[in-house]
Each structure stands twice: as structure tokens, then as C-alpha cells.
Amino acid sequence: MGLGSLYALLLPSVHAAASFAVNVASEHVWATAPHGLASVTMDFHPGVQGPTASILEIDLDNPALRSAARSLSPAILRLGGSEAGEQLVYAGFPGGPACPPGYYYCLTPERWDAIVAFADTTGLRLMLDLNIIGPGNSTDFDGAGLDQIRALLRHSAAVGNENQATLNATEAARRVRAVRAAVDAAYGAFEKPLVVGPSPHIFPDWIEDFVAAAGDAVDIFSYHLYAGYGLAPSIAAQVKSAGFLDDSRSLVELAAAAARKRAPALPVLVSETAAAWNSGAPGVTDSFESGFWYLDHLMSAASSGHVATCRQTLIGGNYSLIDSRTFLPNPDFFVARLWGEVVESGDGATRYLRTGRGAVISVDARRSLRAQAACGADGSLALALANVSPDAVSVGLGGDEGAREEWVLDAHAGDGRRVDLNGAVLEGVDAPLAPRVVDGGGAFEAPPWSLAFVRYPNLRPPACA
């Protein structure tokens, strides 16, 4: 059968059925990204984001935390936050400063080695925000700032953190070039850590000016994205509205376009993101509702060619994947797991297919079904779907698709902090994610307000060969 289009039929509960099409361009790969798109962050915040949230304090030997991290491998673990980019002292490294008495934000060699061991054991790729302002409360970047960076440079690092209000684009680029020179000097002909940065908010003029001034000093351009505000009165309704999701997508596209205007081949990465800033919104960004934004964000990052998007946070705050008090998973953790296990299940890098509405339509355009196609295991067709609608959606491929595997996520009855997979509640970070296997006959039906992953083992688009 042909795979030129994916047809979705909306099935309202009381009105006559209305159909609309979401096209999958099956002949050509639209974007390619390494595995680990669903990456994560951890912060240096003490206490305020939970009793054990800070990377300086958290128990890195906790079995649940290790298991959660291992299940997301090869994701990036980005260590950041405002303190990392402006206040952190790399204390006790040869040639570096000592930790000031009573000062909290000190990263010691012992703690750094424990973090590196955690990343190595779990298979995460480590990325640390480098402080390009100055150690502690200093603003002496060219002296003490560069000295402590040179003392630390042993592993992959990111440069900067939301410094666009402190540094203009030209000065930020100068400092990044200085870090690039320090990396080159420290590693010589050996394999070097990537320089990633500078993680500003999305101010397109600033981004364009920075990329032009930085030249080849950065290997990957990174930025921060928050779609909403944690204290907004309507945030619970916003995160599952098509308008909110479209607005978030437009920010992703704007940031990527600004970076690539001066450097078309420059890889792009979201180094910090969640549905809402200000530590999220309790009961929203740590609940099933957040999954509509999160899955749609993964789709938009994939289709726009991002190498990774780092969820704020792995643990800590009201937007975490793992609760810092109980070490139990929040619903979005399973979205990240399934993205890796279903969408990224092909060999090597993941190949994404252009997915969207048809160029010419004869019915109302609908935005309630969000979809992204990819080349799954053995070159099969894999779909990620979010039904942002109170109505069920029947999704067919215009012919006999044969067998399929279904992973359908719904909010657990009466508890938005828990999630059901194919009708059964998921318990713990190691919960098995077995699909429901359908031998054939009939289209896949996405329940109202649901998230789904579907794989068609017998369908192999030409682009996936």
C-alpha cells in the first residue's frame, strides 16, 4: 500500500463524524537526530526545589534515580541553572580557587567525580554549564573566571546560562571564544569536549548577533524555552490547548531560524525547557496534563532538527520527571521513556518524516490531533500522537496496515500524578512498557485527552529503507 498520507478521522460523541488528513511524506527523510532527544537537566538550587534536588546534595546512589536515568540513556544530563552560569565556584581543582567559607555553590573534585561516575554508570552524556561571569560573586571573567574553567576542563561543558540580560551578544561571544581557546589548549590533539552555548532566552536579534560574532567557537547552539508561566491562573487549561502548543512550536522554530540564519549547518539544542517557568505549577507541570505539551514539544524539536531537548528537570521542582520527595515517576517520565523505546528504536540516528496537514484540504483544518512519524525498529513506521480533544480520534493509513503495536497513555482515574498504559496503572520507574498488539482490521483509535505511540511492524516507508 502507499504511505503518502496518514488519514485521521475525528469521531465526535454526538455530532456526525468529520474527517481530516495528516500527511506523512514517506519518500524522504525530513530531519535526523541522534538518539537521546528526550534529555534532562539537574540544578544547583538548594532546598527550594525539594529537599534533595540540588546536584551538590542529591543521593546519586539512590536506586530509583539511577534506574530512571539509565532508562533514558543515551540522553544528555545537563547540569545548569542560574547559579551554574553566574555563581558556581570550581573549588579545589589544581590551579583553581578554594571554596569561600560558608558559600554553598562550590563544586569540588570529589563531587564532580561522583557526578561523572553517575553519568558513566547510567549511560547519560554529561553537560555542565560553565560560569562565564566569574566565580562566586565576582565578575572577573578574564582572570579568576578563566582560571577556574581551565582547572575544571576535563569533560563536556556548556557555556553560559541566560546571560543575555548581563552580557550583550558580542561580549558573550568573546567569552565563549576564550573558553574555546582554553578547551583547545587543554586537549590539544586529543578528543575534545563539545562547547555548547550560550543558553539565552529566545531573543532572535541577540541570537543572530551572537552566532555571527562567535563563529566556530561553539559546536552546538543552545537556548532556553518555557512555553508558559507557573503562576498563570489558567496554566492548567493552557497546557492542553492547541493554541498553547502552536505558540510553543513557534518559539522552537524562531530560535532555530535565528541561529541558522548566520550558520545554516549549526546544530541546535534546547538546554532547558518545561511547560512553565517559576519551578512549574504544582498539579499541572508534574501531572498528566503536562504530557500534552511535552510530547508535542518533542515532536516539534524532532521535526526542526534539534539534537536534543533537555527537560527541566530530571528531579527537583514542580516540573520534574522524578519526584524529589518520593523518587516516584511523574507522568512525563513515561512520555520520555516511550519516545526513546518506540520512536528512537531504529539503528543509529533517528530519521523523522515530515508530518502535517495536507497542502489542500476539503474540510475544516483541525489542530487537536498532534502527530509525528519516524523510522522505527527495522525501518517500520512509528507514530507519536497526542489527542488534545474531548473526542476520540480514529487514525487510519488509507488501507490495510496489518498488525500494529499500541502504547496508549491516559490519566489514572482520580489522580493526575499517575498514568495508565493501555488501561493499567504504571508503578515505579521500572514499570514494564509492553504494547497492546493488534493483529489487524480497523484503524487505531486514540481516546479523548490521550497520548499514544503506535508502531506498524509491516509498514516500511521508502525513506526508512
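Calculation notes
Residues numbered from 1 in each chain as written. Predicted model: local features only at pLDDT ≥ 70, side-chain atom pairs only at ≥ 80, totals over all residues. Heavy atoms only, no water. Helix = DSSP H or I, 4+ residues; strand = E, 2+ residues; numbered from the N terminus. Contact = heavy atoms within 4.5 Å. Areas by Shrake-Rupley, 256 points an atom, 1.4 Å probe, with all protein chains shown as cover. Buried < 20%, exposed > 50% of the residue type's maximum accessible area, 1.4 Å probe, protein only. Axes fitted to C-alpha atoms, helices over the stretch in contact; angles between N-to-C directions. Parallel < 35°, antiparallel > 145°, perpendicular 65-115°, else oblique. Left-handed = near helix turned anticlockwise from the far one by under 90°. Nonpolar A, V, L, I, M, F, W, Y, C, P; charged D, E, K, R; others polar. Salt bridge = Lys/Arg side-chain N within 4 Å of Asp/Glu carboxyl O. Expected span 1.5 Å × (residues − 1). Patch = residues over 30% accessible without salt bridge, like charges linked within 9 Å, V, L, I, M, F, W, Y side chains within 5 Å. pLDDT = per-residue confidence, 0-100.

> What exactly am I supposed to notice about the overall build of the protein chain here?
When helices and strands are tallied, the protein chain shows 10 helices and 24 strands. A fraction of 75% describes how many contacts in the protein chain between residues 6 or more apart in sequence connect residues 24 or more apart. Per element, the accessible surface of the protein chain, about 17300 Å² overall, is 53% carbon and sulfur.

> Can you help me understand the environment of Ala 185 in this one?
Inspection of the secondary structure puts Ala 185 in helix 5 (residues 169-187). Look at Ala 185 and you get exposed, because its relative accessible area is 65%. When the C-alpha positions of Ala 185 and Arg 150 are compared, they lie 9.1 Å apart, and in sequence the two are 35 residues distant.

> What should I look at first to understand the packing of helix 4 (residues 141-152) against helix 5 in this one?
Contact geometry for helix 4 and helix 5: axes closest at 10 Å, N-to-C directions at 40 degrees. Judged on the interaxial angle alone, helix 5 and helix 4 are oblique. Seen from above, helix 4 lies across helix 5 with right-handed handedness. From helix 4, Phe 141, Asp 142, Leu 146, Ile 149 and Arg 150 reach across to helix 5, where they touch Arg 174, Arg 175, Ala 178, Val 179 and Ala 182. Tallied by class, residues from the contact of helix 4 with helix 5 come to six nonpolar, no polar and four charged.

> Looking at this structure, how should I read the pattern of salt bridges?
In a structure, side chains of opposite charge can pair up when their charged atoms sit close to one another. Scanning the entire structure with this criterion turns up 23 salt bridges. When the shortest N-O distance is used, the salt bridge between Asp 219 and Arg 180 registers 2.9 Å. In this pair, Asp 219 sits in the loop between helix 6 (204-214) and strand 11 (220-229) while Arg 180 sits in helix 5, placing the two residues 39 residues apart along the sequence. Exposure remark for Asp 219: the relative accessible area of 27% places this residue in the partly exposed category. Linking Glu 406 and Arg 436 is a salt bridge whose minimum nitrogen-to-oxygen distance equals 3.0 Å. With a gap of 30 residues between them, Glu 406 in strand 19 (residues 404-412) and Arg 436 in strand 22 (residues 436-438) connect regions that are remote in the sequence.

> When you look at helix 5 in this model, what are you seeing that I'm missing?
The periodicity of an α-helix, 3.6 residues per turn, causes residues three or four positions apart to be oriented the same way. Taking 1.5 Å per residue as the helical rise, helix 5 with its 19 residues ought to reach 27 Å, and the 27 Å between its terminal C-alpha atoms agrees with that figure. Just downstream of helix 5 lies Gly 188, where phi reads positive at about 55 degrees.

> Can you walk me through a nonpolar patch on the surface in this structure?
A cluster of nonpolar residues, Tyr 229, Leu 231 and Trp 277, forms a patch on the protein surface that exposes about 320 Å² of accessible area. Here Leu 231 lies in the loop between strand 11 and helix 7 (235-238).

> Before we go on, may I ask you to explain the confidence of the model for the protein chain in this structure?
Confidence along the protein chain averages 88 in pLDDT terms, with 89% of residues attaining 70 or more. Contacts for the low-pLDDT stretch residues 9-19, under 50 throughout, to residues beyond four places or in other chains number 26 contacts.

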